[in-house]
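The chain contents come next:
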Amino acid sequence: MPTSKKAAPAVVLPVLDGEDPWTAEEVEEQRAELQEELERVERRIAATEAELESLLKGGTDGAGRDPADVGSSNFERDQEVSLAANVKEMAEQLHLAISRFDDGGYGLCEVCGQPIGKGRLQVFPRATLCVTCKQREERR
Ligand SMILES: [Zn+2]
């Protein structure tokens, strides 16, 4: 079956009441944005892991170092560890968003099933919660 023909995107993304429907171009841009963000995040994961590895190695020959240096490198390492966890979570969200984009369900809140909203998705392409559910989650 020939797949070379570029079909118009069949993806219909939900909008909130009062928002303009997504145009085919906007849908395509949104998909491209997710893909680009995933690539950026994956590069950051690679960079963070390399950095973390060198910090961990540096930590083993701490003898003779100024205690203040050791303290700051521990702090730096902790920062890197939490940064690494954050970017990995971001990558997971992006993978999820892309698979939902392709399989359907992108743009609907994971919790309540209501549209997340076009405006919000254009600012946060990987958003999986509507504003209401997001705020509820943050208050937990
Ligand atoms: Zn919701």
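Note that the coordinates shown come from a computational prediction; the quantities given were computed from them, not determined experimentally. (Residues numbered from 1 in each chain as written. Predicted model: local features only at pLDDT ≥ 70, side-chain atom pairs only at ≥ 80, totals over all residues. Heavy atoms only, no water.)

Looking at the overall build of the protein chain
Counting secondary structure elements, the protein chain contains 4 helices and 0 strands. Put simply, the protein chain runs from its N terminus to its C terminus through helices and strands in the order α-α-α-α. Out of the 140 residues in the protein chain, the part that is buried amounts to 29%. When contacts within the protein chain are restricted to residue pairs at least 6 apart in sequence, long-range pairs at least 24 apart make up 58% of them. Accessible surface for the protein chain amounts to roughly 9,500 Å². Of this, 52% is attributable to carbon and sulfur atoms. (Helix = DSSP H or I, 4+ residues; strand = E, 2+ residues; numbered from the N terminus. Buried < 20%, exposed > 50% of the residue type's maximum accessible area, 1.4 Å probe, protein only. Contact = heavy atoms within 4.5 Å. Areas by Shrake-Rupley, 256 points an atom, 1.4 Å probe, with all protein chains shown as cover.)

Points about the packing of aromatic side chains
Scanning all chains against the criterion turns up 1 aromatic pair. With centroids separated by 4.8 Å and ring planes inclined at 45°, the aromatic side chains of Phe 101 and Tyr 106 adopt a geometry described as tilted. Overall, the relative accessible area of 4% leaves Phe 101 in the buried class. Stacked on the ring of Trp 22, the Lys or Arg Lys 118 has its end atom at 5.7 Å from the ring centre. (Phe/Tyr/Trp six-rings, centres within 6.5 Å; stacked < 30°, edge-to-face > 60°. Lys NZ or Arg CZ within 6 Å of the ring centre and 35° of its normal.)

Focus: the coordination of the zinc ion
Listed as protein donors to the zinc ion are Cys 109 (SG), Cys 112 (SG), Cys 130 (SG) and Cys 133 (SG); their distances from the metal cover 2.2 to 2.3 Å. One can describe the site at the zinc ion as tetrahedral: its 4 donor atoms subtend angles covering 105 to 115° at the metal. Counting the intervening residues between successive donors of the zinc ion yields the motif C-x2-C-x17-C-x2-C. For the pair formed by Cys 130 and Cys 133, the shared burial category is buried. (Donors = N, O, S within 2.8 Å, 3.2 Å for Na, K, Ca; no water. Tetrahedral: all angles 85-135°; square planar, octahedral: opposite > 155°, others 65-115°.)

Points about the nonpolar core
Grouped together as the largest cluster of nonpolar side chains are 22 residues, with contacts concentrated most on Leu 13, Leu 34, Val 41, Phe 101, Tyr 106, Cys 109 and Leu 121. Those elements that provide at least two residues to this core are helix H1 (24-60) and helix H2 (67-103). Looking at this core element by element, the count peaks at 7 residues for H2. Those residues in contact with Cys 109, other than ones at most four positions away along the chain, are Gln 114, Ile 116, Thr 128, Leu 129, Cys 130 and Cys 133. (Core = buried A, V, L, I, M, F, W, Y, C linked by side-chain atoms within 4.5 Å.)

What about the environment of Val 15?
Here Val 15 lies in the segment before H1. A relative accessible area of 24% means that Val 15 is categorised as partly exposed. For the pair Val 15 and Pro 115, spaced 100 residues apart in sequence, the C-alpha to C-alpha distance is 5.8 Å. Every residue in contact with Val 15, bar those within four places of it in the chain, is listed here: Asp 20, Pro 21, Trp 22, Pro 115 and Lys 118.

Some words on the environment of Arg 43
Tracing the backbone through its elements, the reader meets Arg 43 in helix H1. Taking relative accessible area as the criterion, Arg 43 reaches 57% and is therefore assigned exposed. The spacing of Arg 43 and Val 87 is 44 residues in sequence and 9.8 Å in space, taken between C-alpha atoms.

Describing the pattern of salt bridges
Evaluation of the coordinates by the stated rule reveals 8 salt bridges. Through salt bridges with shared partners, a single network forms among Lys 134, Glu 137 and Glu 138. (Salt bridge = Lys/Arg side-chain N within 4 Å of Asp/Glu carboxyl O.)

A few points about the confidence of the model for the protein chain
Residues with a pLDDT of 70 or more make up 86% of the protein chain, whose mean pLDDT is 86. The least confident element of the protein chain is H2, whose mean pLDDT is 86; the most confident is helix H3 (residues 118-123), at 96. (pLDDT = per-residue confidence, 0-100.)

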